[in-house]
Amino acid sequence: MMRPILTITGSDSTGGSGVQADIKTISELGGYALSAITSITVQTTLGIQQFYDIPATIVERQIDAVMNDFQPEVVKVGLIRRRDTLDVVVEALRKYRPRHVVLDAVVLSSRGDTLISHDMQEAIRNELLPLCTLVVKKDEGSMHGLANRYASAVAVFLSQGAKPDEAKSKAKAYINTQVARAADLQGRSSELYNEFLDAVTEHHREASDVRFYADLLNVSSRYLAQVTRRISGKAPKTIIDDYLTHEIERQLKSTDHTVQETAYLFGFSSQAHFTKFFKKQKGISPTAFRKQK
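Every value quoted in this text rests on a predicted model; they were computed, and no experiment measured them.

Considerations on the overall build of the protein
Within the protein, the regular secondary structure consists of 13 helices and 6 strands. Looking at the protein as a whole, 46% of its 293 residues are labelled buried. With an accessible surface of roughly 15200 Å², the protein has 49% of that area assigned to carbon and sulfur atoms.

Section: the packing of aromatic side chains
One pass over the full model with this rule turns up 7 aromatic pairs. Taking the centre distance of 5.8 Å and the plane angle of 90° together, the rings of phenylalanine 196 and tyrosine 213 count as edge-to-face. You can see phenylalanine 196 sitting in helix H7 (residues 188-203) and its partner tyrosine 213 sitting in helix H8 (residues 210-217), a full 17 residues away along the chain. Across the pair, tyrosine 213 and phenylalanine 196 agree in class, each one buried. Ring pairs connect the aromatic residues Phe268, Phe274, Phe277, Phe278 and Phe289, which therefore count as one cluster. Residue placement shows arginine 205 over the ring face of phenylalanine 266; its charged tip is 4.8 Å from the ring centre.

Describing the nonpolar core
The biggest cluster of nonpolar side chains holds 33 residues, and the ones touching the most others in it are Leu6, Ile8, Ile63, Val77, Leu86, Val89 and Leu128. Where this core is concerned, the elements lending two or more residues are strand S1 (4-11), strand S2 (32-44), helix H2 (56-70), strand S4 (74-77), helix H3 (83-96), strand S5 (100-103) and helix H4 (118-128). Among the elements that take part in this core, H3 stands out by supplying 7 residues, more than any other. In contact with valine 77, not counting residues within four places along its chain, are Ile8, Val101, Val102, Leu103, Asp104 and Leu128.

Comments concerning helix H10 (residues 236-254)
Side chains of residues three or four places apart in an α-helix project in the same direction, reflecting 3.6 residues per turn. Taking 1.5 Å per residue, 19 residues should reach 27 Å; H10 reaches 27 Å between its end C-alpha atoms and fits that length. For H10, the full list of buried residues reads Pro236, Ile239, Ile240, Asp241, Leu244, Thr245, Glu247, Ile248, Glu249, Gln251 and Leu252.

So, H2
Between its first and last C-alpha, H2 extends 21 Å over 15 residues, near the 21 Å set by a 1.5 Å rise per residue. By the burial criterion, the buried members of H2 are Ala56, Val59, Ile63, Val66 and Met67. Down the axis of H2, the buried side of the element spans an arc of 105°, and every buried residue falls inside it. Turned more than 90 degrees away from the buried face of H2 sit Arg61, Asn68 and Asp69, all of them exposed.

With respect to unusual backbone geometry
Even without being glycine, glutamine 71 reaches a positive phi, approximately 50°. Following the sequence through the fold, glutamine 71 ends up in the loop between H2 and S4. Residue classification places glutamine 71 among the exposed positions, given a relative accessible area of 60%. Although it is not a glycine, asparagine 218 adopts a positive phi angle of roughly 60°. The topology assignment puts asparagine 218 in the loop between H8 and helix H9 (221-232).

A short note on the side chain of aspartate 241
With respect to the helices and strands, the residue aspartate 241 is situated in helix H10. For aspartate 241, a relative accessible area of 11% gives the class buried. Ignoring sequence-local partners within four residues, the contact set of aspartate 241 consists of Phe277 and Gln281.

Some thoughts on a nonpolar patch on the surface
The grouping of Met2, Tyr32 and Phe70 at the surface amounts to a nonpolar patch, some 300 Å² of accessible area in total. With respect to the secondary-structure elements, methionine 2 resides in the segment before S1. Classification of methionine 2 as exposed rests on a relative accessible area of 53%.

Points about the packing of H2 against H3
Viewed as axis vectors pointing N to C, H2 and H3 meet at an angle of 20°, and their least axial separation amounts to 8 Å. As summarised for this structure, H2 and H3 are arranged roughly parallel, according to the angle between their axes. For the element pair H2 and H3, the recorded crossing hand is right-handed. Every residue of H3 that contacts H2 at Ala56, Val59, Glu60, Ile63, Asp64, Met67 and Asn68 is listed here: Asp84, Thr85, Val88, Val89, Ala92, Lys95 and Tyr96. In terms of residue class, the contact of H2 with H3 is built from 8 nonpolar, 2 polar and 4 charged.

With respect to the side chain of histidine 203
For histidine 203, the location among the structural elements is in helix H7. Under the relative-accessibility criterion, histidine 203 is labelled buried at 14%. Apart from the residues lying within four places of it in its own chain, the contact partners of histidine 203 are Phe212, Tyr213 and Leu216.

Re the pattern of salt bridges
If you walk through the whole model with that rule in mind, you get 13 salt bridges. Between glutamate 73 and arginine 99 there is a salt bridge, with the nearest N and O atoms lying 3.7 Å from each other. Taken as a pair, glutamate 73 in the loop between H2 and S4 and arginine 99 in the loop between H3 and S5 lie far apart in primary sequence, 26 residues in all. Note that lysine 282 is salt-bridged to glutamate 249, the shortest N-O span being 2.9 Å.

Analysis parameters
- Residues numbered from 1 in each chain as written.
- Predicted model: local features only at pLDDT ≥ 70, side-chain atom pairs only at ≥ 80, totals over all residues.
- Heavy atoms only, no water.
- Helix = DSSP H or I, 4+ residues; strand = E, 2+ residues; numbered from the N terminus.
- Buried < 20%, exposed > 50% of the residue type's maximum accessible area, 1.4 Å probe, protein only.
- Areas by Shrake-Rupley, 256 points an atom, 1.4 Å probe, with all protein chains shown as cover.
- Phe/Tyr/Trp six-rings, centres within 6.5 Å; stacked < 30°, edge-to-face > 60°.
- Lys NZ or Arg CZ within 6 Å of the ring centre and 35° of its normal.
- Core = buried A, V, L, I, M, F, W, Y, C linked by side-chain atoms within 4.5 Å.
- Contact = heavy atoms within 4.5 Å.
- Expected span 1.5 Å × (residues − 1).
- Arc of directions from axis to C-beta.
- Patch = residues over 30% accessible without salt bridge, like charges linked within 9 Å, V, L, I, M, F, W, Y side chains within 5 Å.
- Salt bridge = Lys/Arg side-chain N within 4 Å of Asp/Glu carboxyl O.
- Axes fitted to C-alpha atoms, helices over the stretch in contact; angles between N-to-C directions.
- Parallel < 35°, antiparallel > 145°, perpendicular 65-115°, else oblique.
- Left-handed = near helix turned anticlockwise from the far one by under 90°.
- Nonpolar A, V, L, I, M, F, W, Y, C, P; charged D, E, K, R; others polar.

Following this line, the structure appears as structure tokens:
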């Protein structure tokens, strides 16, 4: 079941952070992303040129609309630049009382520019902080957007029933798998890791064998395993199976294909083989998973 998660934050027109990154992360991890936009930026990868802060009344109406319609139990809060916006956010959290609030207080841009005033920082610390389950520290993701995506990942895992410490641990593991994509790294290992992830995305329905991907990338299976373990802490087979399982879940929840049809769609030789694989991954049969609400 996809749990709704509300993110209250600004828009990053480059997609590297802000609501765009939140939606991407929440969706990748199986959540259902809801949003209330606080600010719109005019920016490139070189920095922010201009802000347009959404009127507080509009922010309030965005929050009310999604809270009334979806009643998310987890809220993630990011960029808040205006005092009246902070007031409506605080009032909404007190009114709707979500189970968890994750704060990624955006103070500086990736280039070190101050995004909110000192007075706003103090107001957030005094009024918003006491309502939060946890606060993301900037050293938990120093590259642009990683602290933001880390906070979103924590929110997803909290929505799935994880305790705060467990959610943080799982989110850290997730972020480690994103570093190679997000960083401008040099060297064969990071390039190979990105190529491997792209290959899995393209070929997961036809191949789940590590040797297939190693041959495709013209490396040994052993070297591929060394690279994936160093960067993500996972074996290639685990990455393949995790991605395949995620795609199967989406298929089971979003289509009317029978279990047998789904099995053949993903390259399994039989429904029995498919069911055995899925049950090993999720601890539940495909049929029972589909019936879950």
